[in-house]
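Listed here are the chains, written in short residue letters.
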Amino acid sequence: QAADSKREQFRRYLEKSGVLDTLTKVLVALYEEPEKPNSALDFLKHHLGASAPENPEIEALRLEVAEMKEKYEAVLEENKNLKTKV
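Since this is a predicted model, take the numbers as computed values, not measurements. (Residues numbered from 1 in each chain as written. Predicted model: local features only at pLDDT ≥ 70, side-chain atom pairs only at ≥ 80, totals over all residues. Heavy atoms only, no water.)

J.: It is not clear to me how the packing of aromatic side chains should be interpreted in this structure. Could you clarify?
T.: How two aromatic rings sit relative to each other is given by the distance of their centres and the angle of their planes. In the structure shown here, the tally under the stated rule is 1 aromatic pair. Relative to Tyr13, the ring of Phe10 has its centre 6.0 Å away and its plane inclined at 35°; by these criteria the two rings are tilted. In this pair, Phe10 and Tyr13 both sit in helix α1 (residues 2-16), 3 residues apart, roughly one turn of the helix. The class for Phe10 is partly exposed, based on a relative accessible area of 49%. Take Tyr13: its relative accessible area is 53%, and that puts it in the exposed class. For Lys36, the ring lying beneath its charged end belongs to Tyr31, and the centroid distance is 5.9 Å. (Phe/Tyr/Trp six-rings, centres within 6.5 Å; stacked < 30°, edge-to-face > 60°. Helix = DSSP H or I, 4+ residues; strand = E, 2+ residues; numbered from the N terminus. Buried < 20%, exposed > 50% of the residue type's maximum accessible area, 1.4 Å probe, protein only. Lys NZ or Arg CZ within 6 Å of the ring centre and 35° of its normal.)

Set out below in structure tokens:
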């Protein structure tokens, strides 16, 4: 009886936090995959990793890309202005 109660509490916790919904969506995506991957576990890891916390290295690269885009836009604008002067 106590084990069933704990199990039910845990199930409600997983449901409330969105874990069950997320796992269900990933498993449905795997089920609907026309060509099943060699490793179902890798499939799950890849699809669950999309919502995992960011790796600090990845976040640093994202910032660098954003800075480069800003610089690129500034250079394009400068190039446009110089062309109009010539």
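On we go from here.
J.: Would you explain the domain arrangement of the protein in this entry?
T.: By a frequent convention, interface size equals the accessible area lost on bringing the separate parts together. Annotation of the protein at the domain level lists domain 1 (1-52) and domain 2 (54-85). Each of domain 1 and domain 2 was reduced to a C-alpha centroid, and the two centroids are 39 Å apart. (Domains from an automatic or database assignment.)

J.: What is the right way to look at the environment of Leu30 in this model?
T.: Along the chain, Leu30 turns up in helix α2 (residues 19-32). Given the relative accessible area of 14%, Leu30 is considered buried. For the pair Leu30 and Glu67, spaced 37 residues apart in sequence, the C-alpha separation works out to 37 Å.

J.: Please clarify how the packing of α2 against helix α3 (residues 40-49) should be interpreted in this entry.
T.: Any two packed helices are characterised by how steeply their axes cross, that is the angle between the axes, and by the distance between the axes. One way to put it is that α2 packs onto α3 with a least axis distance of 10 Å and a crossing angle of 130°. As judged from the angle between their axes, α2 and α3 are oblique. The way α2 lies across α3 gives a crossing that is right-handed. On α3, the residues touching Thr22, Leu23, Val26, Leu27, Ala29 and Leu30 of α2 are Ala40, Phe43, Leu44, His47 and Leu48. When its residues are assigned to classes, the contact of α2 with α3 shows 9 nonpolar, 2 polar and no charged. (Axes fitted to C-alpha atoms, helices over the stretch in contact; angles between N-to-C directions. Parallel < 35°, antiparallel > 145°, perpendicular 65-115°, else oblique. Left-handed = near helix turned anticlockwise from the far one by under 90°. Contact = heavy atoms within 4.5 Å. Nonpolar A, V, L, I, M, F, W, Y, C, P; charged D, E, K, R; others polar.)

J.: Even after reading the chapter, I still don't get the environment of Leu48, so can you show me in this structure?
T.: Structurally, Leu48 can be placed in helix α3. With 20 residues separating them along the chain, Leu48 and Met68 place their C-alpha atoms 29 Å apart. Not counting chain neighbours up to four residues away, the residues in contact with Leu48 comprise Thr22, Leu23 and Val26.

J.: Would you take a moment to explain the pattern of salt bridges for this structure?
T.: Between side chains of opposite charge, a pair can form as their charged atoms come close. Applying the stated criterion to the full structure yields 5 salt bridges. Between Arg7 and Asp4 there is a salt bridge, and its shortest N-O distance comes to 3.6 Å. A residue pair is termed a helical-turn pair when its members lie 3 or 4 positions apart in one helix, as Arg7 and Asp4 do in helix α1 at 3 residues. The salt bridge involving Lys25 is made with Asp21; its shortest N-O contact spans 3.3 Å. Highlighted residues: Lys25 and Asp21, both in helix α2, separated by 4 residues, approximately one helical turn. Look at Asp21 and you get partly exposed, because its relative accessible area is 43%. What emerges from the salt-bridge pattern is a single network uniting Glu8, Arg11, Arg12 and Glu15. (Salt bridge = Lys/Arg side-chain N within 4 Å of Asp/Glu carboxyl O.)

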